[in-house]
Amino acid sequence: MLNQPEIKVLPVNFYLVNATGRSIQLHPGRSYTIGREKDCDIRVVDTLLSREHCRFDWCVDTYSWSLQDLRSRNGTYVNDVELLKPRLLKDRDRIRLGGQLLTLYYVKLGDSTEAVAAESQAYRNQATLALIDACQRQREKPFSLAGTVATIPLPTLLTLLKTTRGSGRLEFDDNEQRSLWLIHGTPVHAMFDQQSGREAMTSLLDFTTTFAFLEGDHWPQAEVGNLENDPSEISL
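Remember, it's a predicted structure, so these values are computed and weren't measured experimentally. The numbers attached to residues start from 1 for each chain and follow its sequence in the written order. Owing to the predicted nature of the model, reporting of local features is limited to residues with pLDDT of at least 70; listing and counting of side-chain atom pairs is limited to 80 or more, with chain, interface and lining totals taken over all residues. As a convention, hydrogens and water are excluded, and side-chain values are obtained from all of the structure's heavy atoms.

Asks: Any details on the overall build of the chain? Residues and values, ideally.
Replies: Secondary structure summary: the chain contains 4 helices and 17 strands in total. A 1.4 Å probe rolled over the protein chains alone gives each residue an accessible area, and that area as a share of the maximum for its type sets the label: buried under 20%, exposed over 50%, partly exposed in between. Out of the 236 residues in the chain, the part that is buried amounts to 47%. Taking all contacts inside the chain whose residues are at least 6 apart in sequence as the whole, residues at least 24 apart take part in 52%. In short, Shrake-Rupley with a 1.4 Å probe defines the accessible areas, and a residue's cover is counted only from the protein chains shown. Split by element, the accessible area of the chain, about 12,900 Å² in all, is 49% carbon and sulfur. Secondary structure elements are taken from DSSP: a helix is a run of H or I of four residues or more, a strand is a run of E of two residues or more, and numbering for both begins at the N terminus. In this analysis, two residues are considered to be in contact whenever any of their non-hydrogen atoms come within 4.5 Å of each other.

Asks: Would you mind going over the confidence of the model for the chain in detail, with residue names and values included?
Replies: The share of residues in the chain with pLDDT of 70 or more is 72%, and the mean pLDDT across the chain is 77. Predictor confidence is given residue by residue as pLDDT, running from a minimum of 0 to a maximum of 100. Note that pLDDT drops below 50 for residues 1–9; the model gives that stretch 1 contact with residues more than four away or on any other chain. Here residues 229–236 is modelled with pLDDT under 50, and outside its nearest four sequence neighbours on either side it reaches 9 contacts, counting other chains as well.

Asks: Kindly report on helix α4 (residues 197–207), identifying the contributing residues and their values.
Replies: For α4, the set of buried residues is G197, A200, M201, S203 and L204. All buried residues of α4 project into a common sector of 165° when viewed along the axis, lining one side. Turned more than 90 degrees away from the buried face of α4, the exposed residues are R198, D206 and F207. Note that the arc is defined by the directions from the helix axis to the C-beta atoms.

Asks: Mind laying out the nonpolar core, listing which residues take part and the relevant values?
Replies: Buried Ala, Val, Leu, Ile, Met, Phe, Trp, Tyr and Cys residues that are joined via side-chain atoms within 4.5 Å together make up what is termed a nonpolar core. Ranked by size, the top nonpolar core spans 21 residues in total, and within it L16, L26, I34, F56, W65, L67 and I95 carry the most contacts. Looking at this core, the elements that each hand over two or more residues are β1 (12–18), β3 (31–35), β5 (54–59), β6 (64–69), β10 (94–97) and β11 (100–108). By size, the runner-up hydrophobic cluster in this structure holds 20 residues, among which are V149, L157, A190 and F213.

Asks: Go over the sheet that holds β6 with me, naming the residues and quoting the values.
Replies: For two strands to count as paired, DSSP must find a minimum of two bridges between them. Read across the sheet, 5 strands follow the order β4-β3-β5-β6-β9 without closing on themselves; strand pairing throughout is mixed. Taken across any chain shown, the strands that pair with only one partner, and hence form the sheet edges, are β4 (42–43) and β9 (87–88). Across 4 bridges, the pairing between β3 and β5 is antiparallel. Paired with Y32 across the bridge in β5 is F56.

Asks: So what's going on with the environment of A150? Which residues, and what values?
Replies: When you line up the elements, A150 lands in the loop between β12 (144–148) and α3 (154–164). A sequence separation of 128 residues divides A150 from R22, and the C-alpha atoms of the two residues are 9.5 Å apart. Those residues within four positions of A150 in sequence are excluded, and the remaining contacts are T20, R22 and T209.

Here's what the structure looks like:
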């Protein structure tokens, strides 16, 4: 009878979790490429990411994950240290790429992932700071930002634009009639189809899926900014 190779059962599952608590399970024995390309294993719609930004590789010798930057434009950081060569990852290592903050969790078999999601959401403010830092480092280039509301929520976007004093128009769902204009980071005019003001802001918060920030696109001067005199319209 031939000897069968020993199959080692790992006592943990591996999850990559973002600051909103959304998770992806990483399965040992394979690699995962993260980037903007449709062919990436984990696709993230974020203009601050490269087409193929970084890659997770399973290391059978150490039964852990290794992370490698793929010569990305804005770099990959592990625990705030730039990744210059492949690095083995540990439980709860934090990975920053573009405007994303991800955490790798080792979860024991049978344990719930709810606590993991809750802990990741506690990093939401740090994820916002990561996004701000990534944008500020490319301010010498034409400032552009686009993505999905699920990845970068509208309150996070507003915090970013307030901090970077961005002036221009946030267009949602590739529809000019769903826009928010800002001057030096302060929202001054909002519209959602036929709505405006507070009603439009509520709809932008609740019903939009994608966004693009167009720097320098000012709100129509013939109109009075419907949020300009009431900053309490927008709650962060």
